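Chain residues, written in single-letter form:
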Amino acid sequence: MSMNFLINAAIPSPLYFSQQLNTTNRKPIRAPLRCSTNNGEVNDLSTIPSQIELGAQDNTGVSKEEFRSSSIEREMKNNDIWRLFKEAQRNILYLNKQRLDAVEELNKTNREKQLLLEKIEQLEVEKQAGLGKGMINSGEASNLRKLVFDYKVSVADLFADILPEGDADLLAELRRFGSGSKKNGFHIIHICTEMDPLVSIGSLASYVTGLSGALQRKGHLVEVILPKKPPLRLVSWFNNQHPSLGSWEQWELGIPGNKETTLKIVLKHLRFHGSIVVSGIGVTFIQPLHYSSFFNRESVYGYSDDFERFTYFSRASLDYIVKSRKQPDVLHIHNWETAIVGPLFWDIFVKQGLEGTRILLSCHNLNSLCLEHPDKLALCGLDPARLHRPDRLQDNTKTHLVNILKGGVVYSNKVVIVSSMHSKSRIIRSLSHGLESTLAIHQDKLLVAPCGFDSSTWDPSNDKFLTENYCAEDMKGKTVCKVTLQQQLGLSKDASTIVVGCIFSDVSEVFLENLKAVVRGANVRGIQFVFTGTNKLPSASRALVSFQEELKDGIVIFVDSYDDALLHLIFSGSDIILCHSFHDPVLQVALKALKYGAAPIAVTSSDIEFRHFAEFDHESTRFSRFISSTFGNISLSQALEEIKNNPLSWKRKIKDAMLQDFSWDADCNDIHISAYTAIKNL
């Protein structure tokens with residue numbers, strides 16, 4: 001079986017890497033020197049001791065210094081070989097671990113699928129025997145089995161929670177899903193540059209994975225296209241292990257026009273793609289076959305040729321969709337990096353079998369625009385004269401340039417701006433970064449969606465990291481978690497002591513000063529503070545240790561190392577969580593705090609600015625309205641006073657917060673489904 005490929009694979013020897021280095025450096029590998037003796041034997045001269053070689057070299061005029069230098073070079077080369085060899089060993093061990101994890105997940109999925117099929121068969125038998133009123137006949141059973149076998153992702157995952165329930169509940173869910181997948185399900189393809197956990201730089205990564213999972217749980221088919229870069233070494237492994245889950249294809253693409261440019265040369269060469277399944281989502285990778293340096297870089301963004309790189313990726317993605325005869329309902333593109341898909345789609349690809357497809361653009365940062373000279377549009381086959389116009393791609397301020405993000409807005413059927421706190425009118429008026437007039441013209445197709453969080457991982461009722469689970473109806477477990485947290489961090493164990501947590505990924509001087517101001521403005525005597533970061537931050541460590549010494553009335557613990565289990569424990573054991581911002585699409589601290597029964601209190605000045613208008617703005621998100629009516633308008637000092645003086649009111653507020661659903665499956669998912677539905681009806 002191919003499943004054993006990695007375990008049985010031999011680790012390459014250092015000689016292999018030596019040969020690779022020689023090949024890379026274009027130096028020929030010398031064959032062994034052999035000579036015949038008088039008795040006819042053949043000796044290998046390459047085994048002659050180095051002292052003899054040195055003598056021979058001296059006879060030819062080679063100095064000892066030159067030989068010593070040559071020896072040093074050989075030693076350095078051998079060190080490089082061993083370094084590569086050890087790195088290969090580490091990579092193979094890592095891939096083996098990933099293989100075992102994948103096998104375990106596959107076996108679990110197969111077991112659940114088998115249980116589902118057995119349940120369908122049981123319902124069919126009961127119907128035939130007249131034992132079950134209203135159960136399924138043979139025809140419906142056959143259709144449901146086909147649904148389980150044919151669905152593009154693991155349909156068993158969708159019913160894992162309901163399998164233990166009664167037959168009627170399971171049957172109703174199967175029928176609802178079957179009906180929805182045939183009549184109402186969308187086929188959505190994300191063309192993007194990040195996806196958690198494959199490429200995770202900013203908020204886009206968790207958004208793509210979280211939203212895609214939520215959509216599939218509603219019966220929609222979601223695929224993702226990413227550029228392949230070096231950290232994605234698992235691609236070839238997945239294809240070797242699961243031919244059914246992935247394949248390699250290559251083809252040639254020509255761009256109209258006579259002028260040879262760098263990008264045209266890249267596009268004319270063969271390129272390949274590979275596919276895997278991540279978290280039940282099909283993922284396809286795009287990479288130039290001969291110009292791997294396009295994505296073979298240390299960082300994803302920040303290079304002078306970013307426009308060329310992401311334009312290539314965008315066009316290659318569209319070409320892959322056409323060549324593979326996919327006909328998605330929606331192409332979901334993200335930020336300026338793939339915004340060029342809009343003009344490419346409507347000017348070139350729509351008549352290549354994609355007449356029923358529509359475009360949705362999501363923007364996570366309107367400040368990142370990508371301004372380029374119009375002539376560069378010709379690199380991917382677009383007409384600069386046609387697009388360099390005020391109503392198309394021409395930048396509103398620097399009119400001699402084209403604005404790629406503006407082009408995405410103009411050429412998309414819907415535009416979703418991801419913001420948990422700001423309303424559409426506020427974004428157009430104050431946060432559009434030069435796109436105000438464009439957004440105002442296209443405001444009818446603008447939507448604002450909040451970010452979410454993964455409720456399968458972050459839920460105190462089934463969190464595997466917690467000492468005792470709890471929920472809004474039964475909070476005893478939260479008290480146990482607080483005592484566990486205190487004990488683990490060396491704090492005095494007292495469930496009545498207020499614990500204030502603070503979780504951050506970065507600490508700027510502004511954030512640190514705001515944090516100090518918030519804490520100093522409160523009566524912190526006897527309060528236990530727990531500060532931790534999600535990354536190693538040496539400068540932040542020094543600043544927070546200094547701050548720790550300043551707070552003599554409060555008890556401060558600073559955890560200078562990231563620990564996933566401890567992070568869950570801090571959320572569960574804290575009464576209050578200090579947040580960098582209520583709109584936190586990367587860490588989602590405020591959302592998780594609400595779920596775990598901790599009040600989120602923002603410490604940044606930007607949040608203070610919009611607290612007063614958000615509650616009166618009916619265009620804002622449900623999360624924004626909720627947070628503004630609960631914890632958005634109170635300071636740390638006010639929160640501490642309410643906990644001490646009005647505990648019953650505080651507990652009701654916390655319980656209400658825990659009952660809210662701000663996960664990816666809630667508002668974010670609903671708003672996107674609404675947008676997909678609207679553009680399909682155009």
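- Per an unreviewed UniProt entry, the recorded name for the protein is Glyco-transf 5 domain-containing protein, and the organism is Citrus sinensis.

**Some points on the pattern of salt bridges**
Consideration 1: The final tally for this structure, using the stated rule, is 14 salt bridges.
Consideration 2: Between D319 and K323 there is a salt bridge whose closest N-O contact spans 3.0 Å. Here D319 pairs with K323, and both are found in helix α11 (residues 306-323), just four residues apart, close to one helical turn.
Consideration 3: The structure contains a network of salt bridges with shared partners spanning E308, E372 and K376.

**Considerations on the side chain of K445**
Consideration 1: Relative to the elements of secondary structure, K445 occurs in the loop between α17 (436-441) and β13 (446-449).
Consideration 2: At 2.7 Å, the side chain of K445 forms a polar contact with the backbone oxygen of S412.

**What to know about the nonpolar core**
Consideration 1: Residues L515, F531, I576, L578, F631 and L636 are the most contacted members of the largest nonpolar core, which totals 99 residues.
Consideration 2: F631 has contacts with F582, L594, A599, P600, I601, W650, K653, I654 and A657, leaving out every residue within four places of it along the chain.
Consideration 3: If you look at the next biggest cluster of nonpolar residues, it comprises 54 residues, including L387, L393, I427 and L446.

**Some thoughts on unusual backbone geometry**
Consideration 1: With an omega dihedral of 5°, the bond running from D196 to P197 counts as a cis peptide bond.
Consideration 2: Counting through the fold element by element, P197 comes out in the loop between β3 (187-191) and α8 (203-217).
Consideration 3: Even without glycine at this site, R325 takes up a positive phi of about 60°.
Consideration 4: Among the structural elements, R325 can be located in the loop between α11 and β8 (330-334).
Consideration 5: Judged by its relative accessible area of 74%, R325 is exposed.
Consideration 6: The backbone of Q588 shows a phi angle near 55°, a positive value even though the residue is not glycine.
Consideration 7: Note on placement: Q588 falls in the loop between β17 (576-579) and α22 (589-595).

**Concerning the sheet that holds strand β15 (residues 528-533)**
Consideration 1: Ordered in space as β16-β15-β14-β17-β18, the five strands form an open sheet in which the pairing is parallel. Both outer strands of the open sheet, β16 (555-559) and β18 (599-602), are each paired with one neighbouring strand and no more. For this sheet, the mean angle separating the axes of adjacent strands, direction not counted, is 20°.
Consideration 2: Pairing geometry for strand β14 (residues 499-504) and β15, over six bridges, is parallel. Considered in β15, the bridge of G501 is made with V530.
Consideration 3: With respect to the sheet, helix α18 (residues 476-489) is in contact with β14, β15 and β16, its orientation differing from that of β14 by roughly 70°.

What counts, and where the lines are drawn
Residues numbered from 1 in each chain as written. Predicted model: local features only at pLDDT ≥ 70, side-chain atom pairs only at ≥ 80, totals over all residues. Heavy atoms only, no water. Salt bridge = Lys/Arg side-chain N within 4 Å of Asp/Glu carboxyl O. Helix = DSSP H or I, 4+ residues; strand = E, 2+ residues; numbered from the N terminus. Polar contact = N/O pair within 3.5 Å; in protein donor to acceptor, adjacent residues only side chain to side chain. Core = buried A, V, L, I, M, F, W, Y, C linked by side-chain atoms within 4.5 Å. Buried < 20%, exposed > 50% of the residue type's maximum accessible area, 1.4 Å probe, protein only. Contact = heavy atoms within 4.5 Å. Pairing = 2+ DSSP bridges. Axes fitted to C-alpha atoms, helices over the stretch in contact; angles between N-to-C directions.

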